[in-house]
Every structure is written in structure tokens, then in C-alpha cells.
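In case you want the letters, here they are:
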Amino acid sequence: TAFEVWLRFGAAASSKPEQLPVVLQVLLSQAHRVRALVLLRRFLELGPRAANLALCVGIFPYVLKLLQSPAPELRRPLVAIWAALLAFDISCRRDLVRDGAHLAFVAHLAQLAREGDGEDSDDADGDGLVKERDEQRSLAAFVLAAVTRGDRGARRRVP
């Protein structure tokens, strides 16, 4: 897609990606949602400027609503997206707590723990899975720490 090309070759330039609003619209399509989330995650990995642009074009309600989805394939990119957004703008945490969406990160951590139980990684592919799981644990823990930091009410609502 044009956005993938921009990420690969144009992201270093100071121009805004014209395709970013289109990526957000693609999030509405269930058939292309995972791919759009992965692209959005890659975009947010570019740093604070990318997070600011994403928030300016209206990503917030999309990714807040998607946390309610039971689809497990959405969870990993959403965790990374939320970690990037909260690292940029901590005020997003209020909506997570108000909607109870922070519990999705608790559930994600529990799922990662179940996935890791009884596994050993003797092969190279297993090492990659362990690294990905460790990254996901770190990101989910960061989100929960950001959400509960300085907010006793939020801490009480985390099981």
C-alpha cells in the first residue's frame, strides 16, 4: 500500500503521511483491520511526532473501541499502539479507566502467562516467540503502570 511505501522510504522525511487518515478508515473494515493495526504500530514506532499526528487525525476513539473486541489477533498490535500513545500523552488514561478498557491489558497479561506456562525454547523460532512475549508483557505492564500511576481509584479497579 501507499502507506507501507511511505513507512519504508518516506518516514525519515519531515512530511506528514497523507495516507494516515485512510489507514484509520481501514480499521473499520474487519477484513483489513489487523493489517491496518500493524501499519499503525509501525508508524507509532517512529516516535512522539507520529503519536501526535495519529491523535490529531482521530485515532483515539478507534483504538479505544477496538480494545473491546474479543479477537485475539488484535491484542498484540493494540497493546503496542496504546503503549506509544500513553508514552506521548498520559491524559489518554482517563478514558481507558472510565470505559474499563484498561482491563483488556490485565487480560492480555494473563493470556501471555498461560501461553508461557510449560514452554521451553530450545530452537531459534522459540527464542523469537519468547522475545515477542516478553516485549508484550513489558508493553502491557507499562500501559497498566501509566494508567494507575497517581490514581488510587484506577489501582482499585485493576484486579
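What counts, and at which threshold
Residues numbered from 1 in each chain as written. Predicted model: local features only at pLDDT ≥ 70, side-chain atom pairs only at ≥ 80, totals over all residues. Heavy atoms only, no water. Helix = DSSP H or I, 4+ residues; strand = E, 2+ residues; numbered from the N terminus. Buried < 20%, exposed > 50% of the residue type's maximum accessible area, 1.4 Å probe, protein only. Polar contact = N/O pair within 3.5 Å; in protein donor to acceptor, adjacent residues only side chain to side chain. Contact = heavy atoms within 4.5 Å. Phe/Tyr/Trp six-rings, centres within 6.5 Å; stacked < 30°, edge-to-face > 60°. Core = buried A, V, L, I, M, F, W, Y, C linked by side-chain atoms within 4.5 Å. Expected span 1.5 Å × (residues − 1). Arc of directions from axis to C-beta.

This next bit is on the side chain of D95. With respect to the helices and strands, D95 occurs in helix 7 (residues 93–98). The class for D95 is buried, based on a relative accessible area of 19%. A polar side-chain atom of D95 sits 2.5 Å from a polar atom in the side chain of R98. Excluding its chain neighbours within four sequence positions, the residues that come into contact with D95 are F60 and L64.

Before going further, it helps to spend a moment on the packing of aromatic side chains. Enumeration over the complete set of coordinates arrives at 4 aromatic pairs. Grouped by ring-pair contacts, the aromatic residues F3, W6 and F43 constitute a single cluster.

A few words now on the nonpolar core. If you look at the biggest cluster of nonpolar residues, it comprises 47 residues, and the most contacted ones within it are L40, F43, W82 and L96. Ranked by the residues each element gives to this core, the list is headed by helix 6 (residues 72–88), at 9 residues.

Under the 1.5 Å per step criterion, the end-to-end length of helix 8 (residues 103–116) is 20 Å for 14 residues, consistent within 8% with the ideal 20 Å. The complete set of buried residues in helix 8 reads A104, F105, V106, H108 and L112.

Here we come to helix 4 (residues 48–56). Among all positions of helix 4, only A50, A51, L53 and A54 are buried. Viewed end-on, helix 4 has its buried residues packed into an arc of 165 degrees, placing them on one side of the element. Set apart from the buried face of helix 4 by more than 90 degrees, the exposed residues are P48 and C56. As for helix 4, its buried residues are in contact with helix 2 (20–26), helix 3 (33–44), helix 5 (59–66) and helix 6. Backbone geometry just after helix 4 places G58 at a positive phi near 100 degrees.

Relative to the helices and strands, R41 resides in helix 3. Its relative accessible area of 19% is what places R41 among the buried residues. Here E135 takes part through its side chain, which lies 3.2 Å from a polar atom of the side chain of R41. Residues in contact with R41, not counting those within four places in the same chain, are R76, P77, A80, I81, E135, Q136 and L139.

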